[in-house]
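# Secondary and tertiary structure notes
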Amino acid sequence: MNLSRFTRAPIAALALSMGLAAFPASAHVVPKNDAEAAVVGLLDTAFNQKKPAEAFETFGGAYYTQHNPTAPDGKEAIVGLLSGWLPSVPQLHYDIKRIISDGDMVWVHSHVTTGPDDRGMAVVDIFRLEGGKVVEHWDVGTAVPESALNDNTMF
């Protein structure tokens with residue numbers, strides 16, 4: 001795995017220099033390849049823009065396998081779940097901190113919050129792509145605590 005593929009660089013200058021002017025401004029990483037761009041596009045469109053149907057139509061593959069036990073398999077099923085849930089968290093935001101890819105696998109480390117007063121969750125999403133489209137997803141997350149036993153952040 002090439003760990004040099006992640007960056008925290010500001011998106012504006014790098015996105016323009018890479019010809020990615022349409023890349024979502026809400027993300028803090030610049031994708032290094034098409035697989036990373038598809039995953040960031042899916043997360044940004046589904047969660048930050050609150051358009052899950054558009055996200056899965058644009059960035060989803062022919063099928064969708066979900067490994068999170070609280071979410072269903074299938075594109076239509078996940079779109080239905082997100083379409084019903086997202087209105088209950090209108091300020092939900094995925095702040096992508098790191099993205100790493102290796103072939104058809106993409107890992108994303110994010111700070112997910114439900115509003116300005118929410119400490120949020122540290123989330124790692126893992127995606128598998130086929131033909132440049134997202135077809136499989138795993139995730140793990142943990143709440144950002146009020147205090148820690150060290151001086152490091154979770155991000």
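Our subject is the structure listed above.
From a predicted model like this one, the values you see are computed outputs, not experimental measurements.

### Structural notes on helix H4 (residues 75–85)
Along an α-helix, residues three or four apart share an orientation, since each turn contains 3.6 residues. Buried within H4 we find Ile78, Val79 and Leu82. Along the axis of H4, the buried positions cluster into a sector of 100°, meaning they face one direction only. Those residues of H4 that are exposed and angled more than 90 degrees off the buried face are Glu76 and Gly84. Against the buried residues of H4 lie helix H2 (34–48), helix H3 (52–59) and strand S1 (60–66).

### What to know about H2
Its 15 residues place the ends of H2 20 Å apart at the C-alpha level, agreeing with the 21 Å of an ideal helix rising 1.5 Å per residue. The element H2 is extensively covered by neighbouring structure, given that 13 of its 15 residues are classed as buried. N-cap assignment for H2: the residue whose side-chain oxygen lies 3.1 Å from the backbone N of alanine 35 is asparagine 33.

Reading the values: the criteria
The residue count restarts for each chain, going from 1 along the sequence in the order it is written. Only residues with pLDDT of 70 or above have their local features reported here, since the model is predicted, and side-chain atom pairs are shown and tallied only from 80 upward, although totals for entire chains, interfaces and linings are computed over all residues. Each side-chain value is worked out from all heavy atoms of the structure, with water and hydrogens disregarded. Burial classes follow relative accessibility: with a 1.4 Å probe on protein chains only, a residue under 20% of its type's maximum area counts as buried, one over 50% as exposed, and anything between as partly exposed. Here a helix means four or more residues in a row that DSSP labels H or I, a strand means two or more in a row labelled E, and each is numbered from the N terminus. What the arc measures is the spread of directions leading from the helix axis to the C-beta atoms. Residues count as neighbours in contact if any of their non-hydrogen atoms are within 4.5 Å of one another. Given a helix with a known number of residues, its expected span is that number minus one, times 1.5 Å. Under the rule applied, a polar contact is a pair of N or O atoms within 3.5 Å (in protein, one hydrogen donor and one hydrogen acceptor; residues adjacent in sequence only if both atoms are side-chain atoms).

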